[in-house]
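Listed here are the chains, written in short residue letters.
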Amino acid sequence: EAIDTTTAGGLDDNQRRRPMDFRFDFKGRQVVVTGGVSGIGRAVSLAFKAAGASVIACGLTDEELLAARADPAFEGVRIEPLDVTDRAAVETLFDGLDTLDCLVHSAGLIRRDAEFDPEVFDAVVDVHVGGGMRVSHAARPLLARSRGSIVFIASVMSFFGGPKQPAYSSSKGAIRNLTMSLGAAWAPEGIRVNAIAPGWVVTQLSSGARDNPERNAMIMARTPAGRWAEPEEIADPVLFLCSDAARYMNGSVVLVDGGYCSVG
């Protein structure tokens, strides 16, 4: 049977869950989301906004920044340019903040097939791992004062290889270990570091797989949920990890994959 991926997550408007259905309260909290104006990061930014947080959503390109500033959904959200590979830019952003409670590193890219080129490989790894370390290091003093949280966006590919995307899968595996390492190192300062490992999510980044009938069929055949996730379904667990409900979680990598990794 053909899988309909024309609607987000295969759900209609009546079925689609909203982040405000959950009773997370982030009023008075300051949040930074890298890659926060598109894809999963956009959903995370808007979920925090719905929960009452003051949100800084960061983006890279002029096109996505302009689109976010014109989007009514982002009303009240501070939109900032940020290249996570630029250490000076990262430090400038965080040095300009008085407080910070949550940092979500969602900036990412994939260059399927091209990642065997060493320069492309380095660029992908630098965004995911180098960028994750840069923003975490810059945010550390603020998060130590607030006893705040970091959440990385990992991937199901944190747990297995990708024959057509060696940089993406390698860097997401490194994010898994960075999560555990920083969680252990910074726990005495009151900083919790966790990660979400999404499965297959309806975003621009995944459009190549969704638009390929053979690839899409393979993914759906292994996904017990039988559909792609909506970005909002990844944002909800991010808010949980940043909330007091997860106060004893540290160094955890939480799969949110519709059961994909449960199938051998």
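See the structure printed just above.
Throughout, residues of each chain are indexed from 1 in the direction in which the sequence is written. Given that this is a predicted model, residues contribute local features only at a pLDDT of at least 70 and side-chain atom pairs are listed and counted only at 80 or more, while totals for whole chains, interfaces and linings are drawn from all residues. Each side-chain value is worked out from all heavy atoms of the structure, with water and hydrogens disregarded.

**Describing the layout of surface pockets**
Next, step 1: Definitions used throughout: a 1 Å grid over protein atoms alone; a cavity as a set of points that fits a 1.4 Å probe which cannot get out; a pocket as an open set with protein on both sides within 12 Å along at least five of seven lines; a lining residue as one with an atom within 4 Å of a point. Grid points are joined across faces, edges and corners, and a volume is the space filled by probe spheres set on the points. Estimates place the volume of the largest pocket at around 1300 Å³.
Next, step 2: Helix and strand definitions here come from DSSP, where helices need a minimum of 4 consecutive H or I residues and strands a minimum of 2 consecutive E residues; each element is numbered from the N-terminal end. Mapped by element, the contributors of at least two residues to the lining of the largest pocket are helix H1 (39-50), strand E2 (54-59), helix H4 (118-146), helix H5 (166-186) and helix H6 (207-210).
Next, step 3: Asp, Glu, Lys and Arg are counted as charged, while Ala, Val, Leu, Ile, Met, Phe, Trp, Tyr, Cys and Pro are counted as nonpolar; the rest, among them Gly, fall into the polar class. Its residues placed into classes, the lining of the largest pocket shows 22 nonpolar, 20 polar and six charged.

**Section: the pattern of salt bridges**
Next, step 1: For this analysis, a salt bridge means a side-chain nitrogen from Lys or Arg found within 4 Å of a carboxyl oxygen belonging to Asp or Glu. Throughout the structure, instances matching the rule amount to nine salt bridges.
Next, step 2: The salt bridge partner of Asp25 is Lys27, with a shortest N-O separation of 3.7 Å.
Next, step 3: Arg227 serves as the salt-bridge partner of Glu233, at 2.7 Å between the closest nitrogen and oxygen.
Next, step 4: Burial here depends on accessible area, computed with a 1.4 Å probe over protein chains only, as a share of the maximum for the residue type. Under 20% is buried, over 50% is exposed, and the range in between is partly exposed. For Arg227, a relative accessible area of 26% gives the class partly exposed.

**Quick word on the packing of aromatic side chains**
Next, step 1: Working definition: rings of Phe, Tyr and Trp (its six-membered ring) pair if their centres are within 6.5 Å, and the pair is stacked with planes under 30 degrees apart, edge-to-face with planes over 60 apart, and tilted otherwise. Within this structure, the stated rule accounts for four aromatic pairs.
Next, step 2: A ring pair is formed by Phe26 and Phe48, whose centres lie 5.0 Å apart and whose planes are at 80°; its orientation type is edge-to-face. Of this pair, Phe26 sits in the segment before strand E1 (30-34) while Phe48 is found in helix H1, placing the two residues 22 residues apart along the sequence. Like Phe48, Phe26 is buried.
Next, step 3: For the pair Trp200 and Tyr260, a centre-to-centre distance of 5.7 Å together with 70° between the ring planes defines the contact as edge-to-face. With Trp200 in the loop between strand E6 (192-198) and H6 and Tyr260 in the segment after strand E7 (253-256), this residue pair connects regions lying 60 residues apart in the sequence.

**Remarks on the sheet that holds E7**
Next, step 1: Across the sheet, which stays open at both edges, the seven strands sit in the order E3-E2-E1-E4-E5-E6-E7 with parallel pairing between neighbours. Because the sheet does not close on itself, it has two edges, and the strands there are strand E3 (78-81) and E7. With strand direction ignored, the average angle separating the axes of adjacent strands in the sheet is 20°.
Next, step 2: One requirement defines pairing of two strands: DSSP has to find at least two bridges between them. Relative to E6, strand E5 (residues 149-153) runs parallel, the two being bridged by five bridges. By the bridge assignment, Val151 is partnered in E6 with Asn194.
Next, step 3: In this fold helix H2 (residues 62-69) packs onto E2 and E3, with an angle of close to 170° to the strand it touches most, E3.
Next, step 4: The contact criterion used is simple: two residues touch if any of their non-hydrogen atoms lie within 4.5 Å. Only the stretch in contact is used when fitting a helix axis, every axis being a line fitted to C-alpha atoms; angles between N-to-C directions are given from 0 to 180 degrees. Most of the contacts of helix H8 (residues 232-242) go to E6, to which it runs at about 165°, and overall it touches strand E4 (102-105), E5, E6 and E7.

**Digging into the pairing of E5**
Next, step 1: The buried count for E5 comes to five of five residues, which makes it a mostly enclosed element.
Next, step 2: Burial along E5 is two-sided: Ser149, Val151 and Ile153 and Ile150 and Phe152, pointing in opposite directions, are all buried.
Next, step 3: Bridge count for E4 against E5 is four bridges, and the pairing is parallel. Residue Cys102 lies in a different strand from E5, and its bridge partner there is Ser149.
Next, step 4: Classification remark: right-handed applies to a crossover when, strands pointing away from the viewer, the course from the first strand over the helix to the second runs clockwise. Viewed along the sheet, the connection from E5 through H5 into E6 turns out right-handed.

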